[in-house]
Amino acid sequence: MTATEWITDIALVLVVFRQLREDRLDHKTFLIPLGIVAFVAYSYLDSVPTAGNDLVLIAALTGVGAVLGVAGGVYTRIRVLGGHLMIKAGVVSAVLWVLGMGARMGFQVWVEHGGGADDVARFSLAHHITSDQAWVTAFVLMAVTEVVTRVGTIYLRSRARARSGSPAAPVLDRTA
């Protein structure tokens, strides 16, 4: 793994650890993780392989990302306090986030340094996955989907919470 890959992976993990402490829901809650995955997608998504079962692999891991993201967003507490929306990632949310991010990091380290390349090659051959790019695309889209669905779930829940809380509660705190 390159230094950039380590930095982006760790930054995404730190995003949720930052939310373990309750804080105001603001634009940074959404923009930081979306900015990180936009950079990752721009850096690693050259093409989407469609031969063999590449799309099946990509769809499966993208689906896993969606499930982890929605669940992480559901297990993030959102409440109205003093006219502000407050957000706090619960233990389940943090575990799911670290599980998703950690699984990708672990897979990459295992393939590059742990002797897993041969196992992945055999699996790919047996299941008609045609290229390394299929794995890259699948894991990048898994990360992007996990982040987008988590952020989207939090946003939708925050709007619903703001409506059910006090009428003065903003959807996003512009002062933080």
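What counts, and where the lines are drawn
- Residues numbered from 1 in each chain as written.
- Predicted model: local features only at pLDDT ≥ 70, side-chain atom pairs only at ≥ 80, totals over all residues.
- Heavy atoms only, no water.
- Helix = DSSP H or I, 4+ residues; strand = E, 2+ residues; numbered from the N terminus.
- Expected span 1.5 Å × (residues − 1).
- Buried < 20%, exposed > 50% of the residue type's maximum accessible area, 1.4 Å probe, protein only.
- Pairing = 2+ DSSP bridges.
- Salt bridge = Lys/Arg side-chain N within 4 Å of Asp/Glu carboxyl O.
- Contact = heavy atoms within 4.5 Å.

**Concerning helix α4 (residues 91–113)**
In this model α4 runs 31 Å from its N-terminal to its C-terminal C-alpha over 23 residues, within 8% of the 33 Å that 1.5 Å per residue would give. The set of residues buried in α4 consists of S93, A94, L96, W97, G100, M101, R104, M105 and F107. Two residues or fewer after α4 comes G115, characterised by a positive phi angle close to 80 degrees.

**Points about the sheet that holds strand β3 (residues 84–89)**
With antiparallel pairing, 3 strands are arranged side by side in an open sheet as β1-β3-β2. Because the sheet does not close on itself, it has two edges, and the strands there are β1 (23–24) and β2 (76–81). Direction of pairing for β2 relative to β3: antiparallel, over a ladder of 6 bridges. Bridging across to β3, I78 finds its partner in I87.

**Side note on the pattern of salt bridges**
Scanning the entire structure with this criterion turns up 5 salt bridges. Across the salt bridge formed by R104 and E146, the nearest N and O atoms sit 3.2 Å from each other. With R104 in helix α4 and E146 in helix α6 (residues 132–164), this pair connects stretches of sequence that are 42 residues apart. On the accessibility criterion, R104 (9% relative accessible area) is buried.

**What to know about the environment of T29**
Tracing the backbone shows T29 in helix α2 (residues 27–44). Among the residues examined, T29 registers a relative accessible area of 5% and is labelled buried. With 122 residues separating them in the primary sequence, T29 and V151 have C-alpha atoms 8.0 Å apart. Setting aside residues up to four positions removed in sequence, T29 forms contacts with Q19, R24, I87 and V151.

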